Amino acid sequence: MRGALLFLLTASISTVKLVAAQCSLTHNYQAELVVATGWKSALVSNDLTRPRGIILDKAGNILVIDVGVGLVSYKVKENENGGACLSDKKVVISDKNFNHGIAISEDGKKLFVSTPQIVNQYDYDSAQRTTSNGHTVISGMQNGGHITRTLYAYKDWLLVSQGSEGNLDVNAATSTSGRSTIRAYKISTLPGNGAALAYASQGVLVGYGLRNSVGVTVDKKSDKIWSVENSVDNLTRGGQQVFQDNPGEELNYHGVIGETIEKSGYSGPSHGYPYCVAVWDVASLPDNANLKVGDQIQVEQSPTATKPKDSDCKDPAQFTAPRLTFQAHMAPLDSQFDWFGEDGGDGGLWVTFHGSWNRNVPIGYKLSKVPFGANREPTASATEKNNYEDIIWNRDTSKCNVKCFRPVGVAVGSGGRVYVTSDATGEIFVLWSDSARGGTTNTERGDNAAMSSKDLVSYKGWAMTVGVAAGVWLW
């Protein structure tokens, strides 16, 4: 009853703030922001509280979840040079319970927004930027700790991700718990104003043992499902602390839609958590013989009396290993493929790395792209560390304990414009390419975690500096 009272659907309250178009704002940053060769960037909004998930509707308007406010929209005016301006800010739905997830149906007429407990569906008018007929379609996502619920709509499917209860959640080992899972629901059969579906027991299980898969997406060229996972903190091995560089964050593959969730009786596999995690830095691990990047190893502090051994974790019949492994603690929070229009884009996977909180030298705080090949698989092998390209990042992450660019949501718009939210600074950026989109030519990367403080301060190169607005620090 308390939950029902707390998360009653609010009326669709629309407030329009008519302001001058925001095209290229500047302020003073704590850390210098670097943009890769071949790309340009502009800060186009700094008047949000804590922006998270971001999408574009059929009319090209931006829709963004602003934590503590609700669902906010901007009109977009595209510039001939590739940039964009935002104007006519509007609070489409005022609801302080919205905290991350947003998705829109392929016809643009159904809008989905999540709270920590439920998924709401609304009829949506992109011309007016208004909603109606709001009701709950999925409920029962009850856990603390990781409370964001990622949503992704593709064809007639709504994918929903729920994270773990804290760092190590023993209940996540069971697929029926709903914890650390991704589930899929047919949009055409979602309930009307009647009883909502129960998250943990209805729909189709895409996969489980996925600690906190905040970024979920589908490649429209192949119908392949992918997610990015935030892995375990404070890992030990052989009684030693090894959490500076292990375990790695993960890019996980969940199969082709027609071969998985559309098949009767399908139930997705376990990806290991809370028993197994992926190796990123082999050298820093005790007992590392025969280990390589991407191998899964035992979580020795997993809170169970019996647990799989390393040999079990590496057994594909028991657990599905990640397709790629990223540096520990970079915190990937969104993933979207670089497709726009009919044939635009290079098909790479945009990933927002929100940044670390418990690493001696902070890592992440950047927007990167994972190259994909014609076979619609990453071009890097599962054992490669150099598996992405940095597009925009903070040069000196040691300053990010105060405020700096901290990306969360990413959306690809018309002409290949890439919109990204920064929750720590209350901002939206737009990026665009002034050359071919297939990678960068620079040798500088955002991987400054291995540098000394002196190196970080004196590191030279080209950069673009923009400013931060008042925001709320969010881990």
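The structure under discussion appears in the preceding block.
Everything numeric in this text was worked out from a predicted model, so none of it was measured.

Draft legend 1. Main features of the side chain of Asn-252. Along the polypeptide, Asn-252 turns up in strand S21 (residues 249-256). Within the structure, the side chain of Asn-252 is placed 3.0 Å from the side chain of Glu-229, a separation counted as a polar contact. In this structure the side chain of Asn-252 is engaged in a polar contact, spanning 3.2 Å, whose partner is the side chain of Glu-250. For Asn-252, the contacting residues outside a window of four places in its chain are Leu-210, Ile-225, Trp-226, Ser-227, Glu-229, His-271, Ala-321, Pro-322 and Arg-323.

Draft legend 2. Here's a closer look at the packing of aromatic side chains. This structure, assessed with the given rule, holds nine aromatic pairs. Centroid distance Trp-226 to Phe-372: 5.3 Å. Interplanar angle 85°. Geometry classified as edge-to-face. One end of the pair, Trp-226, is in strand S18 (residues 224-229); the other, Phe-372, is in the loop between strand S27 (366-370) and strand S28 (389-394), with 146 residues separating them in the sequence. The pair formed by Trp-226 and Phe-372 is uniform in burial state, with each residue classed as buried. Chaining the aromatic ring pairs together yields one cluster made of Trp-226, Tyr-253, Phe-337 and Phe-372. Geometry around Trp-339 places Lys-221 over its ring, the cationic atom sitting 5.0 Å from the centre. We note Lys-385 situated over the ring of Trp-280; from NZ or CZ to the ring centre the distance is 3.9 Å.

Draft legend 3. Representation of the pattern of salt bridges in the model. Under the definition given, this model contains 23 salt bridges. Residue Asp-423 is joined to Arg-52 by a salt bridge in which the shortest nitrogen-to-oxygen separation is 2.9 Å. Residue Asp-423 is found in the loop between strand S30 (418-422) and strand S31 (427-433), and its partner Arg-52 is found in strand S4 (residues 51-56); the two are separated by 371 residues along the sequence. Take Asp-423: its relative accessible area is 0%, and that puts it in the buried class. Accessibility expressed as a relative area gives 5% for Arg-52, which makes it buried. A salt bridge links Lys-292 to Asp-295, with the nearest nitrogen and oxygen atoms 3.2 Å apart. Linked by salt bridges that have partners in common, Glu-165, Asp-169 and Arg-179 make up one network.

Draft legend 4. Geometry of the sheet that holds S21. Overall, antiparallel pairing links the four strands, which are arranged S17-S18-S21-S24 in an open sheet. Single-partner strands in this sheet number two, and they are strand S17 (215-219) and strand S24 (324-326). Here the average twist between neighbouring strands, direction ignored, is 20°. Summarising the sheet, S18 and S21 pair through five bridges and their orientation is antiparallel.

Draft legend 5. Region of the structure containing the environment of Ser-132. Mapped onto the fold, Ser-132 is located in strand S11 (residues 130-139). Since its relative accessible area comes to 41%, Ser-132 is described here as partly exposed. Here the alpha-carbon distance between Ser-132 and Lys-110, two residues 22 residues apart in the chain, equals 9.8 Å. Discounting chain neighbours no more than four positions away, the residues touching Ser-132 are Tyr-122 and Asp-123.

Criteria and thresholds
- Residues numbered from 1 in each chain as written.
- Predicted model: local features only at pLDDT ≥ 70, side-chain atom pairs only at ≥ 80, totals over all residues.
- Heavy atoms only, no water.
- Helix = DSSP H or I, 4+ residues; strand = E, 2+ residues; numbered from the N terminus.
- Polar contact = N/O pair within 3.5 Å; in protein donor to acceptor, adjacent residues only side chain to side chain.
- Contact = heavy atoms within 4.5 Å.
- Phe/Tyr/Trp six-rings, centres within 6.5 Å; stacked < 30°, edge-to-face > 60°.
- Buried < 20%, exposed > 50% of the residue type's maximum accessible area, 1.4 Å probe, protein only.
- Lys NZ or Arg CZ within 6 Å of the ring centre and 35° of its normal.
- Salt bridge = Lys/Arg side-chain N within 4 Å of Asp/Glu carboxyl O.
- Pairing = 2+ DSSP bridges.
- Axes fitted to C-alpha atoms, helices over the stretch in contact; angles between N-to-C directions.

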